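# Chain and residue survey
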Amino acid sequence: MEKIKMYVDGKWLDSSNERRIDVINPSNGEIIATIPQGEARDVNDAVKAAKKAFQSDDWSSVKPYERGRLLYEIAEKIRKNRDELAKLETIDVGKPLSQGYADIDASIRYFEFYAGAADKLMGDTIPIEDGLIDYVVREPVGVTGHIIPWNYPIQILSRSVAAAIAMGNTVVVKSAEDTPLTATKIAEFFDQIDIPNGVFNHVTGYGYEAGAALSSHPHINHVTFTGSVQTGTAVANAATKNVVPVTLELGGKSPNIVFSDCNMEKAVEGVVKAIIQNAGQTCSAGSRLLIEQSFKDTFLEKVVDRFKELTVGPALEDKDVGPILNEKQFNQIVNFIDLAKEEGRIAAGGNQVTIENAENGFYIEPTIVDKVSTKSSIAQEEIFGPVLSVFTFKDDQEAINLANNTDYGLVTGIWTQDISRAHLLANRIDSGQIFVNNYGAGGGIQMPFGGYKKSGFGREKGWIALYNYTQVKNVAIKYN
Ligand code: NAD
């Protein structure tokens, strides 16, 4: 069992209280590691180190293209350790091994993408008048805090950390208490490259202690958060007290909208994959299926048939669906399914699963819920499990109304061969990302990602995320 340490100012540390938290393998309930229970004092040390590094010549003299090279080095280290990292992520989160590999590959791409961007964010010159030159530069914000959730730990860490460092900031990461293993490996990689101490720091601990201390710290200059609406709001409130900007990515209740003219085979695969990936524990999970009414029976039958073929089992066995992260998340899903049994009809799944030799894992059948009201909490709330709710619509307008009928607006899938209809829906649906005849575009490292409405604000991924980690300075110079 690994005894993990935090990484602060280039040193490997226990928490100041010397307490530890167990890390559990969701596939079988075994303890696989322990982490320091970092608290405010530890976070303060990490922020201090990051601030000192940010203000040092050692870091500010590193040229943008050299920062890019450092990020390429991290990408290369992730690539060299791909097998080990994929297994670690798989064991830690409980996701099927092939999905663990996909996450590692995405992390490599984030570090590469932002490595390439490091020396390419240009400023502007603005025409004012003769004898006055006005230019705009983008400067790093300073110390950036990154609060990481447990569902995609290495990907979510990589996307914001790489962008922040590319722009010349320093970083304090607070990994999720359930899934700290790959973040610790990334810290090891930063330890191995020639980068000033304090540029990258990793603290572990509970959200209410370490996370809260980070988001409320007066010397943090930006907070990036992914997780629940409730915690995101608390993080934003804490940061606002120090007039610190936040980027919030808070999940969704994303619809897949299926028309009768779709390519049925591709739509079925897209719809199924969108809800079972990472056992539905995905912010962008396609958790609502909206089907054109005349086509409902035909399409739903195909989806139900696919659900019946899906396999459930331990993460390393790479079945279609792995375990749920922990008992709390599992109980939340079971409660929603129990409600669905009362309010509607279970069209597939609906049962807990016991796996031989993994009896302490939290397994559940991928489930389809039909005939629930659009007002029901099943239709409105993020279940964060492999549970798909089905609704029907008569025409384009009803599809749009249904798609927009939740507090969220993260991702939407539209399945149709009619290009005009696809454009109409893309225009009218309140969603940060729209996919037509696909769902996710294979990861979308380069595409802006984030939410409308309660799915959050600010954008991660792609070029646009670089703006989170820079501030704008305008310089006006008068000359004769
Ligand atoms: P959470 O939002 O509480 O935790 C996410 C991260 O925030 C973790 O690192 C946690 O330690 C930290 N945190 C917790 N309380 C904090 C606080 N007061 N201040 C600062 N940081 C804090 O999520 P959870 O409890 O792990 O899961 C609950 C629900 O959240 C899930 O069922 C799901 O609906 C949602 N969720 C969404 C995403 C997503 O990708 N959008 C990810 C994880 C969880």
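Residues numbered from 1 in each chain as written. Predicted model: local features only at pLDDT ≥ 70, side-chain atom pairs only at ≥ 80, totals over all residues. Heavy atoms only, no water.

Our focus in this paragraph is the site of the ligand. The local shell around the ligand holds 27 residues, among which Ile148, Trp150, Lys174, Glu177 and Ser228 are the closest. At a separation of 2.8 Å, an oxygen atom of the ligand approaches a polar backbone atom of Ser228. Gln332 has a polar side-chain atom sitting 3.1 Å from an oxygen atom of the ligand. About the coverage of the ligand: the protein hides 87% of its 810 Å² of free accessible area. Spatially, the ligand is embedded in the largest pocket. If you list the elements that add at least two residues to the shell around the ligand, you get α8 (207-215), β11 (222-226), α9 (229-241) and α12 (327-343). The greatest single-element share of the shell around the ligand, amounting to four residues, is contributed by α8. Considering only residue class, the shell around the ligand consists of twelve nonpolar, ten polar and five charged. Of the residues that make up the shell around the ligand, three or more belong to each of domain 1 (2-250 + 458-476) and domain 2 (255-444). (Near = heavy atom within 4 Å. Polar contact = N/O pair within 3.5 Å; in protein donor to acceptor, adjacent residues only side chain to side chain. Areas by Shrake-Rupley, 256 points an atom, 1.4 Å probe, with all protein chains shown as cover. 1 Å grid on protein atoms, 1.4 Å probe; cavity = no way out; pocket = protein on both sides within 12 Å on 5 of 7 lines; lining within 4 Å. Sits in = over half its atoms within 2 Å of the grid points. Helix = DSSP H or I, 4+ residues; strand = E, 2+ residues; numbered from the N terminus. Nonpolar A, V, L, I, M, F, W, Y, C, P; charged D, E, K, R; others polar. Domains from an automatic or database assignment.)

Attention shifts here to the nonpolar core. Judged by nonpolar contacts, the single largest core of 63 residues is most densely connected at Ile257, Leu289, Phe299, Val303, Phe307 and Ile368. A per-element tally of this core places helix α10 (residues 264-276) first, with seven residues. Among residues more than four places away in sequence, those in contact with Ile368 are Leu300, Val303, Val304, Phe307, Arg345, Ile346, Ala347, Ala348, Leu388 and Val390. Counting residues in hydrophobic clusters, the runner-up holds 51 residues, among them Leu85, Ile104, Ala115 and Val173. (Core = buried A, V, L, I, M, F, W, Y, C linked by side-chain atoms within 4.5 Å. Buried < 20%, exposed > 50% of the residue type's maximum accessible area, 1.4 Å probe, protein only. Contact = heavy atoms within 4.5 Å.)

Moving on to the environment of Tyr469. Within the element layout of this structure, Tyr469 appears in the loop between β22 (456-457) and β23 (470-478). Residues Tyr469 and Gly142 lie 327 residues apart in sequence; the distance between their C-alpha atoms is 8.2 Å. Among the polar contacts listed, one links the side chain of Tyr469 to the side chain of Thr224, at a separation of 2.7 Å.

Attention now goes to the domain arrangement of the protein. Segmenting the protein into domains produces domain 1 (2-250 + 458-476) and domain 2 (255-444). With centres defined by C-alpha atoms, the gap from domain 1 to domain 2 works out at 31 Å. Of the residues lining the interface, 25 residues belong to domain 1; the matching set on domain 2 comes to 30 residues. Of the roughly 2100 Å² buried at the junction of domain 1 and domain 2 (both faces included), carbon and sulfur atoms supply 55%. When the buried area of domain 1 at its contact with domain 2 is split by residue, Ser27, Trp150 and Tyr152 rank highest and sum to 26% of it. Our count for the domain 1 to domain 2 interface comes out at zero salt bridges. Inspection of the region where domain 1 meets domain 2 yields eleven residue pairs in polar contact (both at pLDDT 80 or more). Looking at the side of domain 1 that touches domain 2, the elements with two or more residues in it are α4 (82-93) and α5 (97-117). At five residues, α4 tops the list of elements feeding residues into the side of domain 1 that touches domain 2. (Buried area = accessible area lost by both parts, 1.4 Å probe. Salt bridge = Lys/Arg side-chain N within 4 Å of Asp/Glu carboxyl O.)

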